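Structural overview for review
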Amino acid sequence: MQIRLPKKVHNIINTLEEAGYEAYAVGGCVRDSVLGRTPDDWDITTSAKPDEMKRLFPRTVDTGIKHGTVTVLLGGEGFEVTTYRIDGTYEDGRHPSEVTFTASLKEDLRRRDFTINAMAYNERDGLVDLYGGLADIENQVIRCVGNAEERFDEDALRMLRAVRFSAQLGYRIDETTGEAIKALAPNLQKISAERIQVELVKLVVSPHPDYLRNAYELGITAQVLPEFDLCMETPQRHKHHCYDVGEHILHSMLGVEPDKVLRLGMLFHDIGKPQTLTVDPDGTTHNKRHPFEGEKITRKVMRRLKFDNDTTDKVTKLVLYHDYDIAPTEAGVRRAVNRIGEEIFPMIFTVRRADIAAQSDYMREEKLAKVAYIEKLYREILSRKEAVTLKDLAISGNDLIAEGMPSGRQIGETLSALLERVLDDPSLNTKEILLKLYKEL
Ligand code: ATP
Ligand code: MG
């Protein structure tokens, strides 16, 4: 097995070897190279200690010096170079609370989470695969290095990482590894929200976001996203549906591109259904006002998982408006754009199509035709550059002040009233007409 190392990686390894140390590319970059994928970043593992590395390279950053990691800077690029180490237990943070340096590559590879992530490579020795990573790639399986329960005891996050890698690669999780997850999933409670968020997002934007099902079956979501478990256990008996709520959500995620906001939007769009469930005497289920409940739950979950405000705002808007009743008229669409916001509005089409595709085929053509018609109206409104927000109005607060209106709340109210008129009839959006309307008001 031969891997083409980038020139700079080759140079770093060479410099270390010439100084008498061992050095290898390691982990994700080796896995991705074996898979024929281009690695995002190249990590290097070495027998050199951090102070020894710093002597060899003119420009370095102490990224995680306590854990043996130094970033070597070469022509504007940074490469993490880490001393061979044995990890103690991981606690809440990103890093193990204690590490011990070791002289042995074998020990360093043994501390890594999965066999496919525990391979090293350099030009002198070729691929170093001591734990069967290559065979597991061939067999498409995620397997812990060594004893699975011990590995998950050291760092519970690895359980979620197992599902994340399985979703990224389309691999199954080895049976023993899966059994260990079922037994130890409650330990995920010890893991910080930030670390969980990172893995959850990687899972959701992967080629197989529906593998979240495996996280449910292994008991992982019960710990990190119990709101989703409720969905998996909430039936839908309604002519528009063919799946229970959870399966509908999983299928709907497959219907949008792997974008973080869109995929999270689908994950949460029906999260309010369990709380709003009603059942008719004949067994038909309904979930009236579930987008409102869903918005609240989404905000709560995203706060808990420490998502940034921007992502949270966008996703909660998609949840709130995923089913919003847009009147299929030009004025109706302008009003909806005004309400939902120009940035989010176009995403609603994508969300609706994915939602519809994950429903029963009852009235599917009609539902899709309505989406297409509203989208056509929207495109026309855009191309005519019609006003949909206050900033598009042909007059501003300053114009009203120039007309003698005292500054204050009245200005905003007046502009809003004028916008209402313009939303109905865009031809009113000239300074002259609006000032005339204002005087009439
Ligand atoms: P990605 O493509 O997401 O970057 P990756 O495999 O590079 O995938 P990282 O989280 O960047 O994953 O970690 C780099 C390497 O460090 C992994 O391949 C693995 O060998 C090791 N590693 C990372 N996190 C853990 C962990 N929690 N437990 C054990 N080993 C880990
Ligand atoms: Mg990486």
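Quick note: structure is the one above.
First things first, this report covers the structure right here in the doc. (Residues numbered from 1 in each chain as written. Chains lettered and ligands numbered in written order. Predicted model: local features only at pLDDT ≥ 70, side-chain atom pairs only at ≥ 80, totals over all residues. Heavy atoms only, no water.)

Side note on helix H19 (residues 345–357)
What counts here: Secondary structure follows DSSP: runs of H or I at least 4 residues long count as helices, runs of E at least 2 residues long count as strands, and numbering of each begins at the N terminus. Every helix has an expected span of 1.5 Å times one less than the residues it contains. Think of it in three bands: with a 1.4 Å probe and only protein chains considered, a residue is buried below 20% of the maximum accessible area for its type, exposed above 50%, and partly exposed in between. Note on contacts: a residue pair qualifies if any of its non-hydrogen atoms lie within 4.5 Å across the two residues.
Its 13 residues place the ends of H19 19 Å apart at the C-alpha level, agreeing with the 18 Å of an ideal helix rising 1.5 Å per residue. Every buried residue of H19 is accounted for by Phe-345, Met-347, Ile-348, Phe-349, Val-351, Arg-352, Ala-354, Asp-355 and Ile-356. Summarising the contacts, the buried residues of H19 are in contact with helix H13 (245–254), helix H14 (260–269), helix H17 (309–321), helix H18 (330–340) and helix H20 (364–383).

A few points about the pairing of strand E2 (residues 43–46)
Note the threshold: Whether two strands pair comes down to DSSP finding at least two bridges between them.
Both strand E1 (residues 23–26) and E2 contribute to a ladder of 4 bridges, which runs antiparallel. Looking across to E2, one finds that Ala-25 is bridged to Ile-44.

Re the site of ligand 1
Our working definition: Nearness is judged by heavy atoms alone; a residue qualifies as near a molecule or strand once a single heavy atom is within 4 Å of it. Polar contacts, as used here, are pairs of N or O atoms within 3.5 Å; protein pairs need one atom able to donate a hydrogen and one able to accept it. Residues neighboring in sequence count only if both atoms are side-chain atoms. Values of accessible area rely on a 1.4 Å probe in the Shrake-Rupley scheme; residue burial ignores everything except the protein chains shown. Amino acids are sorted into nonpolar (Ala, Val, Leu, Ile, Met, Phe, Trp, Tyr, Cys and Pro), charged (Asp, Glu, Lys and Arg) and polar (every other residue, Gly among them).
Around ligand 1, the surrounding shell holds 16 residues, and the nearest of these are Arg-31, Asn-117, Asp-155, Arg-158 and Arg-164. One of the backbone N or O atoms of Gly-28 is found 3.1 Å from an oxygen atom in ligand 1. At 3.0 Å, a side-chain N or O of Arg-161 approaches an oxygen atom of ligand 1. Look at ligand 1: alone it shows 590 Å² of surface, and the protein chains cover 86% of it. When contributions to the shell around ligand 1 are tallied by element, the ones reaching two or more residues are helix H2 (28–34), helix H7 (157–169) and helix H9 (193–204). Among the elements that take part in the shell around ligand 1, H7 stands out by supplying 4 residues, more than any other. When the residues that make up the shell around ligand 1 are grouped by side-chain class, the tally is 2 nonpolar, 3 polar and 11 charged.

Some thoughts on the packing of aromatic side chains
Here is the rule we go by: Stacked, edge-to-face and tilted labels apply to pairs of Phe, Tyr and Trp rings (six-membered ring for Trp) whose centres lie within 6.5 Å, assigned for plane angles under 30 degrees, over 60, and everything in between, in that order.
A complete count under the given rule lists 5 aromatic pairs for this structure. Where Phe-114 meets Phe-165, the ring centres are 5.9 Å apart and the plane angle is 75°; that geometry is what we call edge-to-face. Here Phe-114 is found in the loop between helix H4 (105–110) and strand E8 (120–122), whereas its partner Phe-165 is found in helix H7, with 51 residues between them in sequence. Here Phe-165 falls in the buried class, since its relative accessible area comes to 3%. Plain terms: the ring middles of Tyr-321 and Tyr-324 are 5.3 Å apart, the flat faces sit at 90° to each other, and that makes the pair edge-to-face. Looking at Tyr-321, the relative accessible area reads 10%, which means it is buried.

A word on the layout of surface pockets
Worth spelling out the cut-off: Cavities and pockets are found on a 1 Å grid laid over the protein atoms alone: a cavity is a set of points where a 1.4 Å probe fits but cannot escape, a pocket is an open set with protein on both sides within 12 Å along at least five of seven lines, and a lining residue has an atom within 4 Å of such a point. Grid points are joined across faces, edges and corners, and a volume is the space filled by probe spheres set on the points.
Each pocket or cavity is described by its volume, and for the second largest pocket that value is around 840 Å³. Residue lining of the second largest pocket: 30 residues in total, with His-290, His-322, Asp-323, Asp-355 and Gln-359 positioned closest to the centre. Residue contributions to the lining of the second largest pocket peak at 4 residues, all from H20. Across the lining of the second largest pocket, the residue classes break down as 9 nonpolar, 10 polar and 11 charged.

What about the environment of Gly-64?
On the secondary structure map, Gly-64 appears in strand E3 (residues 60–64). What makes Gly-64 buried here is its relative accessible area of 14%. Expressed as a C-alpha distance, the spacing of Gly-64 and Pro-50, which sit 14 residues apart in the sequence, is 9.6 Å.

Let's talk about the side chain of His-248
Here His-248 is to be found in helix H13. Only 2.9 Å separates the side chain of His-248 from the backbone oxygen of Ala-358, close enough to count as a polar contact. If sequence neighbours within four positions are ignored, His-248 has contacts with Gln-236, His-241, Tyr-243, His-269, Asp-270, Asp-355, Ala-358 and Gln-359.

Focus: the packing of H7 against H9
Definition in use: Working convention: axes come from line fits to C-alpha atoms, limited for helices to the stretch in contact. Angles between N-to-C directions cover 0 to 180 degrees. Roughly parallel covers angles under 35 degrees, roughly antiparallel covers those over 145, roughly perpendicular covers 65 to 115, and oblique covers all other angles. In a left-handed crossing the near helix is turned counterclockwise from the far helix by less than a right angle, and in a right-handed crossing that turn is clockwise.
The interhelical angle for the contact between H7 and H9, taken along N-to-C directions, is 15°, at an axis separation of 8 Å. Between H7 and H9, the interaxial angle falls into the category roughly parallel. Crossing angle aside, the handedness with which H7 passes H9 is left-handed. Residues Leu-157, Leu-160, Arg-161, Val-163, Arg-164, Ala-167 and Gln-168 of H7 touch H9, and the partners they reach there are Arg-195, Ile-196, Glu-199, Leu-200, Lys-202 and Leu-203.

Some details on the sheet that holds E8
Read across the open sheet, the 7 strands follow the order E3-E4-E5-E2-E1-E8-E9; overall the sheet is mixed. Edge positions in the sheet fall to E3 and strand E9 (126–128), since each has one partner strand and no second. For this sheet, the mean angle separating the axes of adjacent strands, direction not counted, is 35°. The pairing of strand E4 (residues 69–74) with strand E5 (residues 77–83) spans 6 bridges and is antiparallel. By the bridge assignment for E5, Thr-71 is matched with Glu-80. On top of the sheet, helix H1 (residues 7–18) reaches E1, E2, E4, E5 and E8; it is set at about 40° to E5, its chief contact.

Some words on the pattern of salt bridges
Operational definition: Each reported salt bridge corresponds to a side-chain nitrogen of Lys or Arg within 4 Å of a carboxyl oxygen of Asp or Glu.
Inspection of every chain in the model, using the stated rule, returns 43 salt bridges. Across the salt bridge formed by Asp-155 and Arg-195, the nearest N and O atoms sit 2.9 Å from each other. Placement of the pair is Asp-155 in the loop between helix H6 (148–154) and H7 and Arg-195 in helix H9, with a sequence separation of 40 residues. Looking at Arg-195, the relative accessible area reads 8%, which means it is buried. With its nearest N and O atoms 3.0 Å apart, the salt bridge here joins Asp-424 to Arg-335. Taken as a pair, Asp-424 in helix H22 (residues 409–424) and Arg-335 in helix H18 lie far apart in primary sequence, 89 residues in all. A relative accessible area of 29% places Arg-335 in the partly exposed class. If you follow the salt bridges from partner to partner, you end up with Arg-85, Asp-87, Asp-108, Arg-111 and Arg-112 in one network.

Notes on helix H16 (residues 290–304)
Stated formally: The arc in question is the one spanned by the directions pointing from the helix axis to the C-beta atoms.
When the terminal C-alpha atoms of H16 are compared, their 21 Å separation across 15 residues agrees well with the 21 Å that a helix rising 1.5 Å per residue should span. Listed in full, the buried residues belonging to H16 are His-290, Pro-291, Gly-294, Ile-297, Thr-298, Val-301 and Met-302. Each buried residue of H16 sits inside an arc of 130° when the element is viewed along its axis, so together they form one side. Away from its buried face, by an angle of more than 90 degrees, H16 presents the exposed residues Lys-296, Lys-300 and Arg-303. On its buried face, H16 is in contact with helix H12 (226–232), H14, helix H15 (273–276) and H17. Directly after H16, the chain includes Lys-306, whose backbone phi takes a positive value near 60°.

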